[in-house]
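# Secondary and tertiary structure notes
Spelled out from the first residue to the last, the chains are:
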Amino acid sequence: MSETPGTSEFPYLHGFSEIEQARLVKQAQIAETTIFHDIDYSGAQRLLEVGSGVGAQTEILLRRFPQLHATCVDLSQAQLQAAGRRLGAMPWLRDRYLLQQADATDLPFGPRSFDAAFLCWVLEHVPSPARVLSEVRRVLSPGSPVYLTEVMNASFLLDPYSPNVWRYWMAFNDFQIESGGDPFIGAKLGNLLLAGGFRDVSTRIKTFHLDNREPARRKAMIGFWQELLLSAADQLLEAGKVGNEVVEGVRREMHQVQNDPDAVFFYSFVQARAIVY
Ligand SMILES: C[S@@+](CC[C@H](N)C(=O)[O-])C[C@H]1O[C@@H](n2cnc3c(N)ncnc32)[C@H](O)[C@@H]1O
């Protein structure tokens, strides 16, 4: 199997290919209104974004909160380079962000360096989310709001029933757990924040429940979901978690469901908010 740039940086479920980087941008756009509906950084100026990827959320953060400066850290050079290219092509964002390579479990900043933090789809990939939250708390000033948005993969439902998709989904989640991640971390964010010494902890369950009320949005989401699932296909095949017949079955079933006039797509994730004291 040919190696795409950056895939050997560190084990990572989705990889770092250009297709994956484009998927992150699409993902941020598809979920923007749901993710940002309840996020308020109006009192903040120096935001820390951890696991910023290709800057897909950074662009949204800086557009929605024009007073913010974002310091974006990611472990992957490939992601940071893609973020630099993307954000660099947007002149209105000039001087409003800094991209820095760092491990979220060992942030290269002193205490009180920031007054807000944003983490989205990243704690699910780290072996020690508690350590990341401890680092985030250390570098924030008292009173800073923190928003975490994370997966809760037990919530996924696709109708009509699609056996290869379910087989693949189980393998996908198993593989993430074996790689040190947690595909169910959304449900645990409240406990993690309390144990980490954060205050005013609250959580919201956010759901995509798409059916005949919004057929166009349902179709787009199922198409996007197929890309999300298949972003891990090379790794799952290589690890022997699935065979080619299952991957082909996923393509076939997702195509059928996408074109089914009565399809249902359901997925919930969790957003937590907390304050540092
Ligand atoms: C699914 S992407 C999400 C990117 C971005 N937050 C978004 O929503 O578009 C997860 C990102 O976390 C990064 N990452 C994984 N482990 C990390 C770590 N220990 N420290 C910093 N970044 C990490 C990956 O390189 C990847 O860019």
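Residues numbered from 1 in each chain as written. Predicted model: local features only at pLDDT ≥ 70, side-chain atom pairs only at ≥ 80, totals over all residues. Heavy atoms only, no water.

### Some details on the pattern of salt bridges
Oppositely charged side chains can form a pair if their charged atoms are brought close together. Throughout the structure, instances matching the rule amount to 12 salt bridges. Of the charged contacts, one joins K206 and D38 as a salt bridge, the two residues approaching to 2.5 Å between their closest N and O atoms. Taken together, the residues K206 in strand β7 (residues 199-210) and D38 in the loop between α1 (18-36) and β1 (46-50) connect sequence positions 168 residues apart. Residue classification places D38 among the partly exposed residues on the basis of a relative accessible area of 23%. For the salt bridge of E135 with R138, the shortest nitrogen-to-oxygen distance reads 2.9 Å. Linking E135 with R138, this pair stays in helix α4 (residues 129-139), spanning 3 residues, or about one helical turn. Using a relative accessible area of 5% as the deciding quantity, one classes E135 as buried. Look at R138 and you get partly exposed, because its relative accessible area is 31%. (Salt bridge = Lys/Arg side-chain N within 4 Å of Asp/Glu carboxyl O. Helix = DSSP H or I, 4+ residues; strand = E, 2+ residues; numbered from the N terminus. Buried < 20%, exposed > 50% of the residue type's maximum accessible area, 1.4 Å probe, protein only.)

### Describing the site of the ligand
By nearness alone, 20 residues border the ligand, and Y12, G51, D74, A104 and C120 come closest of all. Note that an oxygen atom of the ligand is positioned 3.1 Å from one of the side-chain N or O atoms of Q57. D74 places a polar side-chain atom, nitrogen or oxygen, 2.6 Å from an oxygen atom of the ligand. Of the residues contributing to the shell around the ligand, the split by class is 11 nonpolar, 7 polar and 2 charged. (Near = heavy atom within 4 Å. Polar contact = N/O pair within 3.5 Å; in protein donor to acceptor, adjacent residues only side chain to side chain. Nonpolar A, V, L, I, M, F, W, Y, C, P; charged D, E, K, R; others polar.)

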